[in-house]
Amino acid sequence: MTRAQLTRTGILRMALGGGAADPLLPAEDGGGRQAPFLLRALRIAVVVCLYWFISIAMVFLNKYLLDSPSLRLDAPLFVTFFQCALTAALCLGLSLGAACGPPCSSLPALRLDLKVSRSVLPLSIVFIGMVTSNNLCLKYVGVAFYNVGRSLTTVFNVLFSYLLLKQTTSLYALLACGVIIGGFWLGIDQEGAEGTLSWTGIFFGILASLCVSLNAIYTKKVLPVVDGSIWRLTFYNNVNACVLFFPFMMLLGEFRTLYHFDKLGSPNFWGMMTLGGVFGFAIGYVTGLQIKFTSPLTHNVSGTAKACAQTVLAVIYFEETKSFLWWTSNLMVLGGSFAYTWVKGLEMRKVQEDPNVKSSERNETGV
(Lines give C-alpha, C1' and ligand atoms only; values in the text may rest on other atoms or scores of the structure.)
Protein backbone atom coordinates (compact mmCIF):
# COMPACT_ATOMS: atom_id res chain seq x y z
CA MET A 1 0.00 0.00 0.00
CA THR A 2 1.37 3.58 -1.67
CA ARG A 3 -1.37 3.01 0.70
CA ALA A 4 -1.45 5.97 1.00
CA GLN A 5 -2.89 2.58 0.64
CA LEU A 6 -1.99 3.02 2.12
CA THR A 7 -2.87 4.02 5.51
CA ARG A 8 -6.20 3.97 4.89
CA THR A 9 -6.19 0.19 5.15
CA GLY A 10 -5.25 0.24 8.86
CA ILE A 11 -7.82 2.93 9.68
CA LEU A 12 -10.66 1.20 7.90
CA ARG A 13 -9.75 -2.17 9.38
CA MET A 14 -10.12 -0.77 12.88
CA ALA A 15 -13.30 1.05 11.99
CA LEU A 16 -14.97 -2.01 10.56
CA GLY A 17 -13.60 -4.30 13.21
CA GLY A 18 -14.72 -2.42 16.27
CA GLY A 19 -15.09 1.30 15.70
CA ALA A 20 -17.63 3.54 14.07
CA ALA A 21 -19.14 2.23 10.85
CA ASP A 22 -18.14 3.85 7.61
CA PRO A 23 -21.21 5.72 6.35
CA LEU A 24 -20.18 5.14 2.75
CA LEU A 25 -20.31 1.38 3.11
CA PRO A 26 -23.64 -0.24 2.22
CA ALA A 27 -25.68 -1.77 4.99
CA GLU A 28 -26.97 -5.32 4.99
CA ASP A 29 -30.12 -6.09 3.05
CA GLY A 30 -33.21 -4.67 4.70
CA GLY A 31 -33.80 -5.93 8.21
CA GLY A 32 -30.37 -7.57 8.33
CA ARG A 33 -31.51 -10.42 6.05
CA GLN A 34 -28.84 -12.44 4.28
CA ALA A 35 -28.77 -12.02 0.50
CA PRO A 36 -29.01 -15.17 -1.69
CA PHE A 37 -25.72 -17.07 -2.01
CA LEU A 38 -25.32 -16.31 -5.71
CA LEU A 39 -25.80 -12.59 -5.13
CA ARG A 40 -23.36 -12.58 -2.20
CA ALA A 41 -20.76 -14.48 -4.26
CA LEU A 42 -21.19 -12.01 -7.12
CA ARG A 43 -20.81 -9.05 -4.76
CA ILE A 44 -17.63 -10.50 -3.26
CA ALA A 45 -16.17 -11.18 -6.71
CA VAL A 46 -16.94 -7.64 -7.91
CA VAL A 47 -15.54 -6.03 -4.74
CA VAL A 48 -12.32 -8.10 -4.80
CA CYS A 49 -11.79 -7.34 -8.50
CA LEU A 50 -12.43 -3.64 -7.84
CA TYR A 51 -9.91 -3.66 -4.98
CA TRP A 52 -7.29 -5.38 -7.13
CA PHE A 53 -7.85 -3.03 -10.07
CA ILE A 54 -7.68 0.21 -8.08
CA SER A 55 -4.75 -0.90 -5.92
CA ILE A 56 -2.60 -2.16 -8.82
CA ALA A 57 -3.54 0.74 -11.12
CA MET A 58 -2.65 3.25 -8.41
CA VAL A 59 0.84 1.77 -7.95
CA PHE A 60 1.56 1.89 -11.70
CA LEU A 61 0.10 5.41 -11.99
CA ASN A 62 2.18 6.69 -9.07
CA LYS A 63 5.29 5.10 -10.56
CA TYR A 64 4.62 7.09 -13.74
CA LEU A 65 4.12 10.35 -11.84
CA LEU A 66 7.17 9.83 -9.63
CA ASP A 67 9.75 8.34 -11.97
CA SER A 68 8.65 8.44 -15.61
CA PRO A 69 11.46 9.24 -18.11
CA SER A 70 8.87 10.92 -20.35
CA LEU A 71 7.50 13.09 -17.54
CA ARG A 72 10.79 13.92 -15.77
CA LEU A 73 9.15 15.45 -12.71
CA ASP A 74 11.47 15.36 -9.69
CA ALA A 75 8.91 16.56 -7.12
CA PRO A 76 7.70 13.54 -5.09
CA LEU A 77 6.44 15.68 -2.20
CA PHE A 78 4.27 17.75 -4.55
CA VAL A 79 2.71 14.58 -5.99
CA THR A 80 1.93 13.37 -2.46
CA PHE A 81 0.69 16.82 -1.40
CA PHE A 82 -1.68 16.99 -4.36
CA GLN A 83 -3.15 13.57 -3.53
CA CYS A 84 -3.69 14.57 0.11
CA ALA A 85 -5.30 17.87 -0.95
CA LEU A 86 -7.64 16.08 -3.35
CA THR A 87 -8.59 13.54 -0.67
CA ALA A 88 -9.45 16.35 1.78
CA ALA A 89 -11.45 18.14 -0.94
CA LEU A 90 -13.38 14.96 -1.81
CA CYS A 91 -14.16 14.35 1.88
CA LEU A 92 -15.46 17.90 2.23
CA GLY A 93 -17.40 17.75 -1.03
CA LEU A 94 -19.15 14.49 -0.15
CA SER A 95 -19.90 15.85 3.32
CA LEU A 96 -21.50 18.97 1.82
CA GLY A 97 -23.51 16.68 -0.44
CA ALA A 98 -24.98 14.98 2.63
CA ALA A 99 -27.71 17.62 2.72
CA CYS A 100 -28.83 16.46 -0.73
CA GLY A 101 -29.89 13.04 0.55
CA PRO A 102 -28.76 9.55 -0.49
CA PRO A 103 -26.19 8.18 -0.98
CA CYS A 104 -24.35 10.65 1.26
CA SER A 105 -27.10 11.43 3.76
CA SER A 106 -25.41 9.51 6.59
CA LEU A 107 -22.07 11.33 6.29
CA PRO A 108 -21.20 13.61 9.21
CA ALA A 109 -20.81 17.33 8.55
CA LEU A 110 -17.18 18.43 8.32
CA ARG A 111 -15.80 21.72 9.57
CA LEU A 112 -12.25 22.64 10.46
CA ASP A 113 -11.72 22.87 14.23
CA LEU A 114 -8.18 24.03 15.05
CA LYS A 115 -8.27 22.38 18.48
CA VAL A 116 -9.14 19.00 16.95
CA SER A 117 -6.56 19.59 14.22
CA ARG A 118 -3.83 20.07 16.86
CA SER A 119 -4.91 16.90 18.65
CA VAL A 120 -4.66 14.91 15.41
CA LEU A 121 -1.24 16.43 14.60
CA PRO A 122 0.91 13.58 16.08
CA LEU A 123 -0.90 11.08 13.86
CA SER A 124 -0.60 13.44 10.88
CA ILE A 125 3.19 13.57 11.29
CA VAL A 126 3.33 9.76 11.20
CA PHE A 127 0.88 9.80 8.28
CA ILE A 128 3.15 12.17 6.33
CA GLY A 129 6.12 9.92 7.00
CA MET A 130 4.11 6.94 5.79
CA VAL A 131 2.77 8.32 2.51
CA THR A 132 6.01 10.14 1.66
CA SER A 133 8.27 7.17 2.33
CA ASN A 134 5.90 4.89 0.39
CA ASN A 135 6.09 7.16 -2.65
CA LEU A 136 9.85 7.68 -2.35
CA CYS A 137 10.35 3.92 -2.12
CA LEU A 138 8.29 3.52 -5.31
CA LYS A 139 10.31 6.28 -6.96
CA TYR A 140 13.67 4.58 -6.37
CA VAL A 141 12.76 0.90 -6.80
CA GLY A 142 10.92 -0.90 -9.58
CA VAL A 143 7.25 -1.83 -9.28
CA ALA A 144 8.26 -5.50 -9.36
CA PHE A 145 10.45 -5.10 -6.26
CA TYR A 146 8.15 -2.61 -4.50
CA ASN A 147 6.28 -5.25 -2.50
CA VAL A 148 9.52 -6.79 -1.18
CA GLY A 149 11.08 -3.37 -0.53
CA ARG A 150 8.37 -2.44 1.95
CA SER A 151 7.53 -5.89 3.28
CA LEU A 152 8.62 -5.43 6.90
CA THR A 153 5.35 -3.93 8.18
CA THR A 154 4.35 -7.24 9.80
CA VAL A 155 7.74 -7.47 11.52
CA PHE A 156 7.40 -3.93 12.90
CA ASN A 157 3.85 -4.74 14.06
CA VAL A 158 5.21 -7.59 16.16
CA LEU A 159 8.10 -5.47 17.44
CA PHE A 160 5.92 -2.51 18.48
CA SER A 161 3.30 -4.80 20.00
CA TYR A 162 6.02 -6.07 22.34
CA LEU A 163 7.83 -2.78 23.00
CA LEU A 164 4.81 -0.47 23.37
CA LEU A 165 1.94 -2.78 24.31
CA LYS A 166 3.90 -5.53 26.11
CA GLN A 167 2.19 -8.18 24.00
CA THR A 168 3.96 -11.40 23.12
CA THR A 169 3.71 -13.24 19.80
CA SER A 170 3.43 -16.99 19.25
CA LEU A 171 6.36 -19.04 17.97
CA TYR A 172 4.63 -19.86 14.67
CA ALA A 173 3.93 -16.16 14.01
CA LEU A 174 7.58 -15.35 14.77
CA LEU A 175 8.70 -18.05 12.34
CA ALA A 176 6.51 -16.46 9.66
CA CYS A 177 8.19 -13.11 10.38
CA GLY A 178 11.56 -14.83 10.02
CA VAL A 179 10.55 -16.04 6.55
CA ILE A 180 9.56 -12.48 5.59
CA ILE A 181 12.91 -11.09 6.79
CA GLY A 182 14.75 -13.83 4.90
CA GLY A 183 12.85 -13.01 1.72
CA PHE A 184 13.58 -9.30 2.20
CA TRP A 185 17.35 -9.86 2.48
CA LEU A 186 17.41 -12.34 -0.40
CA GLY A 187 15.54 -9.79 -2.52
CA ILE A 188 18.14 -7.13 -1.72
CA ASP A 189 20.91 -9.57 -2.63
CA GLN A 190 19.30 -10.41 -5.96
CA GLU A 191 18.58 -6.79 -6.83
CA GLY A 192 22.27 -6.10 -6.18
CA ALA A 193 23.29 -9.04 -8.37
CA GLU A 194 21.16 -7.68 -11.23
CA GLY A 195 22.55 -4.16 -10.82
CA THR A 196 19.15 -2.62 -10.01
CA LEU A 197 19.56 -2.20 -6.25
CA SER A 198 18.81 1.24 -4.80
CA TRP A 199 19.82 1.60 -1.14
CA THR A 200 17.85 4.85 -1.07
CA GLY A 201 14.75 2.92 -2.10
CA ILE A 202 15.48 0.23 0.50
CA PHE A 203 15.84 2.88 3.20
CA PHE A 204 12.50 4.45 2.33
CA GLY A 205 10.90 0.98 2.10
CA ILE A 206 12.00 0.18 5.67
CA LEU A 207 10.86 3.62 6.82
CA ALA A 208 7.50 3.10 5.10
CA SER A 209 7.04 -0.25 6.86
CA LEU A 210 7.85 1.35 10.21
CA CYS A 211 5.46 4.27 9.65
CA VAL A 212 2.60 2.00 8.53
CA SER A 213 2.93 0.11 11.80
CA LEU A 214 3.09 3.31 13.89
CA ASN A 215 0.13 4.72 11.96
CA ALA A 216 -2.15 1.95 13.22
CA ILE A 217 -1.09 2.56 16.83
CA TYR A 218 -1.53 6.35 16.65
CA THR A 219 -4.85 6.00 14.82
CA LYS A 220 -6.26 3.99 17.70
CA LYS A 221 -5.08 6.67 20.16
CA VAL A 222 -6.44 9.62 18.15
CA LEU A 223 -9.84 8.20 17.12
CA PRO A 224 -11.60 9.35 20.34
CA VAL A 225 -10.64 12.96 19.49
CA VAL A 226 -12.88 12.79 16.40
CA ASP A 227 -15.64 10.83 18.19
CA GLY A 228 -14.55 7.61 16.54
CA SER A 229 -15.36 8.93 13.06
CA ILE A 230 -13.04 7.59 10.38
CA TRP A 231 -14.48 10.16 7.99
CA ARG A 232 -13.46 13.11 10.20
CA LEU A 233 -10.08 11.57 10.94
CA THR A 234 -9.32 11.18 7.22
CA PHE A 235 -10.31 14.80 6.63
CA TYR A 236 -8.19 16.24 9.46
CA ASN A 237 -5.25 13.99 8.65
CA ASN A 238 -5.09 15.13 5.05
CA VAL A 239 -5.66 18.81 5.86
CA ASN A 240 -2.81 18.71 8.40
CA ALA A 241 -0.62 16.91 5.88
CA CYS A 242 -1.23 19.59 3.25
CA VAL A 243 -0.14 22.33 5.67
CA LEU A 244 2.95 20.42 6.82
CA PHE A 245 4.07 19.59 3.28
CA PHE A 246 4.54 23.26 2.33
CA PRO A 247 7.75 23.99 4.32
CA PHE A 248 9.29 20.69 3.20
CA MET A 249 8.55 21.45 -0.44
CA MET A 250 10.17 24.87 -0.02
CA LEU A 251 13.26 23.42 1.70
CA LEU A 252 13.75 20.82 -1.03
CA GLY A 253 13.25 23.33 -3.83
CA GLU A 254 10.22 21.63 -5.32
CA PHE A 255 8.48 24.95 -6.08
CA ARG A 256 11.48 25.90 -8.22
CA THR A 257 11.30 22.49 -9.90
CA LEU A 258 7.61 23.04 -10.68
CA TYR A 259 8.32 26.52 -12.04
CA HIS A 260 10.73 25.06 -14.60
CA PHE A 261 8.60 21.96 -15.31
CA ASP A 262 7.71 22.01 -19.02
CA LYS A 263 4.42 20.11 -18.65
CA LEU A 264 2.93 22.24 -15.87
CA GLY A 265 0.26 23.57 -18.25
CA SER A 266 -0.48 20.17 -19.81
CA PRO A 267 -4.08 18.92 -19.36
CA ASN A 268 -2.74 15.35 -19.68
CA PHE A 269 -0.40 15.86 -16.72
CA TRP A 270 -3.13 17.30 -14.49
CA GLY A 271 -5.50 14.57 -15.62
CA MET A 272 -3.03 11.92 -14.48
CA MET A 273 -2.45 13.78 -11.21
CA THR A 274 -6.19 13.99 -10.57
CA LEU A 275 -6.69 10.33 -11.44
CA GLY A 276 -3.93 9.40 -8.99
CA GLY A 277 -5.62 11.45 -6.26
CA VAL A 278 -9.03 9.90 -6.96
CA PHE A 279 -7.53 6.40 -6.86
CA GLY A 280 -5.77 7.30 -3.60
CA PHE A 281 -9.12 8.31 -2.12
CA ALA A 282 -10.94 5.30 -3.60
CA ILE A 283 -8.51 2.69 -2.24
CA GLY A 284 -9.69 3.37 1.30
CA TYR A 285 -13.31 2.88 0.26
CA VAL A 286 -12.79 -0.36 -1.67
CA THR A 287 -10.59 -1.69 1.14
CA GLY A 288 -13.50 -1.13 3.50
CA LEU A 289 -15.87 -2.82 1.05
CA GLN A 290 -13.63 -5.86 0.78
CA ILE A 291 -13.37 -6.21 4.55
CA LYS A 292 -17.13 -5.76 4.92
CA PHE A 293 -18.12 -8.35 2.33
CA THR A 294 -15.43 -10.87 3.33
CA SER A 295 -13.44 -10.47 6.58
CA PRO A 296 -10.20 -8.84 7.76
CA LEU A 297 -8.47 -12.22 7.40
CA THR A 298 -9.70 -12.70 3.82
CA HIS A 299 -8.73 -9.11 3.05
CA ASN A 300 -5.14 -9.83 4.10
CA VAL A 301 -5.08 -12.97 1.95
CA SER A 302 -6.50 -11.02 -0.98
CA GLY A 303 -3.88 -8.31 -0.47
CA THR A 304 -1.10 -10.93 -0.51
CA ALA A 305 -2.45 -12.47 -3.73
CA LYS A 306 -2.81 -8.99 -5.23
CA ALA A 307 0.84 -8.24 -4.46
CA CYS A 308 1.83 -11.44 -6.29
CA ALA A 309 -0.25 -10.48 -9.34
CA GLN A 310 1.17 -6.93 -9.22
CA THR A 311 4.74 -8.27 -9.26
CA VAL A 312 4.06 -10.55 -12.23
CA LEU A 313 2.32 -7.76 -14.15
CA ALA A 314 5.23 -5.38 -13.48
CA VAL A 315 7.80 -7.89 -14.76
CA ILE A 316 5.72 -8.43 -17.92
CA TYR A 317 4.91 -4.74 -18.49
CA PHE A 318 8.48 -3.49 -18.05
CA GLU A 319 9.86 -6.52 -19.95
CA GLU A 320 12.21 -7.51 -17.14
CA THR A 321 14.05 -10.81 -16.73
CA LYS A 322 14.39 -12.07 -13.17
CA SER A 323 16.45 -14.91 -11.73
CA PHE A 324 15.11 -17.94 -9.89
CA LEU A 325 16.42 -16.62 -6.55
CA TRP A 326 14.75 -13.24 -7.19
CA TRP A 327 11.40 -14.99 -7.59
CA THR A 328 12.21 -17.07 -4.51
CA SER A 329 12.61 -13.89 -2.44
CA ASN A 330 9.17 -12.71 -3.55
CA LEU A 331 7.62 -16.08 -2.75
CA MET A 332 9.23 -16.05 0.70
CA VAL A 333 7.80 -12.59 1.47
CA LEU A 334 4.36 -13.52 0.15
CA GLY A 335 4.42 -16.96 1.81
CA GLY A 336 5.57 -15.52 5.14
CA SER A 337 2.84 -12.85 5.01
CA PHE A 338 0.18 -15.45 4.22
CA ALA A 339 1.47 -17.77 6.96
CA TYR A 340 1.39 -14.94 9.52
CA THR A 341 -2.17 -14.05 8.53
CA TRP A 342 -3.24 -17.69 8.75
CA VAL A 343 -1.60 -18.22 12.16
CA LYS A 344 -3.14 -15.03 13.61
CA GLY A 345 -6.51 -16.04 12.19
CA LEU A 346 -6.33 -19.42 13.93
CA GLU A 347 -5.30 -17.76 17.20
CA MET A 348 -8.17 -15.27 17.02
CA ARG A 349 -10.66 -18.06 16.31
CA LYS A 350 -9.33 -20.06 19.25
CA VAL A 351 -9.68 -17.05 21.55
CA GLN A 352 -13.22 -16.32 20.36
CA GLU A 353 -14.29 -19.93 20.89
CA ASP A 354 -12.82 -20.13 24.42
CA PRO A 355 -15.19 -18.46 26.92
CA ASN A 356 -12.56 -18.65 29.67
CA VAL A 357 -10.11 -16.31 27.94
CA LYS A 358 -9.85 -12.89 29.56
CA SER A 359 -10.75 -9.79 27.57
CA SER A 360 -7.16 -8.53 27.78
CA GLU A 361 -5.95 -11.74 26.16
CA ARG A 362 -8.59 -11.37 23.47
CA ASN A 363 -7.27 -7.92 22.65
CA GLU A 364 -3.70 -9.17 22.64
CA THR A 365 -4.43 -11.91 20.12
CA GLY A 366 -6.33 -9.55 17.89
CA VAL A 367 -3.49 -7.07 17.44
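Residues numbered from 1 in each chain as written. Predicted model: local features only at pLDDT ≥ 70, side-chain atom pairs only at ≥ 80, totals over all residues. Heavy atoms only, no water.

- Identification of the protein as FUCT1 protein from Psophia crepitans is taken from an unreviewed UniProt entry.
- Recorded in UniProt under Subcellular location (unreviewed entry), the annotation for the protein is "Membrane". (UniProt positions renumbered as here; feature names shortened; annotations may be inferred.)

1. Overview of unusual backbone geometry
Argument step 1. The phi dihedral of Arg 72 is positive, around 55 degrees, even though this residue is not glycine.
Argument step 2. In this structure, Arg 72 sits in the loop between α2 (37-67) and α3 (76-96).
Argument step 3. Overall, Arg 72 belongs to the exposed group, its relative accessible area being 55%.
Argument step 4. Here the phi dihedral of Asp 227 falls at roughly 60 degrees; this positive angle occurs in a residue that is not glycine.
Argument step 5. By secondary structure assignment, the location of Asp 227 is in the loop between α8 (199-222) and α9 (230-251).
Argument step 6. Overall, Asp 227 belongs to the exposed group, its relative accessible area being 67%. (Helix = DSSP H or I, 4+ residues; strand = E, 2+ residues; numbered from the N terminus. Buried < 20%, exposed > 50% of the residue type's maximum accessible area, 1.4 Å probe, protein only.)

2. Regarding the packing of α2 against helix α11 (residues 267-293)
Argument step 1. Here α2 crosses α11 at 145 degrees, and the two axes come no closer than 8 Å. Considering how the two elements wind past one another, α2 and α11 form a crossing that is left-handed.
Argument step 2. Tallied by class, the residues present in the contact of α2 with α11 amount to 21 nonpolar, six polar and one charged. (Axes fitted to C-alpha atoms, helices over the stretch in contact; angles between N-to-C directions. Left-handed = near helix turned anticlockwise from the far one by under 90°. Nonpolar A, V, L, I, M, F, W, Y, C, P; charged D, E, K, R; others polar.)

3. Brief notes about the packing of aromatic side chains
Argument step 1. Considering all chains together, one arrives at 19 aromatic pairs under this definition.
Argument step 2. Ring centres 6.2 Å apart and planes at 70 degrees place the aromatic pair Phe 53 and Phe 279 in the edge-to-face group. Taken as a pair, Phe 53 in helix α2 and Phe 279 in helix α11 lie far apart in primary sequence, 226 residues in all.
Argument step 3. You can call Phe 53 exposed: its relative accessible area is 53%. (Phe/Tyr/Trp six-rings, centres within 6.5 Å; stacked < 30°, edge-to-face > 60°.)

4. Brief notes about the UniProt feature "transmembrane region" (unreviewed entry) in the protein
Argument step 1. Mapped onto the present numbering, the UniProt feature "transmembrane region" (unreviewed entry) falls at residues 41-65, 77-99, 120-142, 148-165, 172-188, 200-218, 230-249 and 269-289.
Argument step 2. In residues 41-65, helix accounts for 100% and strand for 0%; the two terminal C-alpha atoms are 36 Å from one another.
Argument step 3. As annotated, residues 148-165 has a helix share of 72% and a strand share of 0%, and its two end C-alpha atoms lie 27 Å apart.

5. Details of the side chain of Glu 254
Argument step 1. Tracing the sequence through the fold places Glu 254 in helix α10 (residues 254-259).
Argument step 2. If we ignore the near neighbours within four places in the chain, the residues touching Glu 254 are Ala 75, Pro 76, Leu 77, Phe 78 and Met 249. (Contact = heavy atoms within 4.5 Å.)

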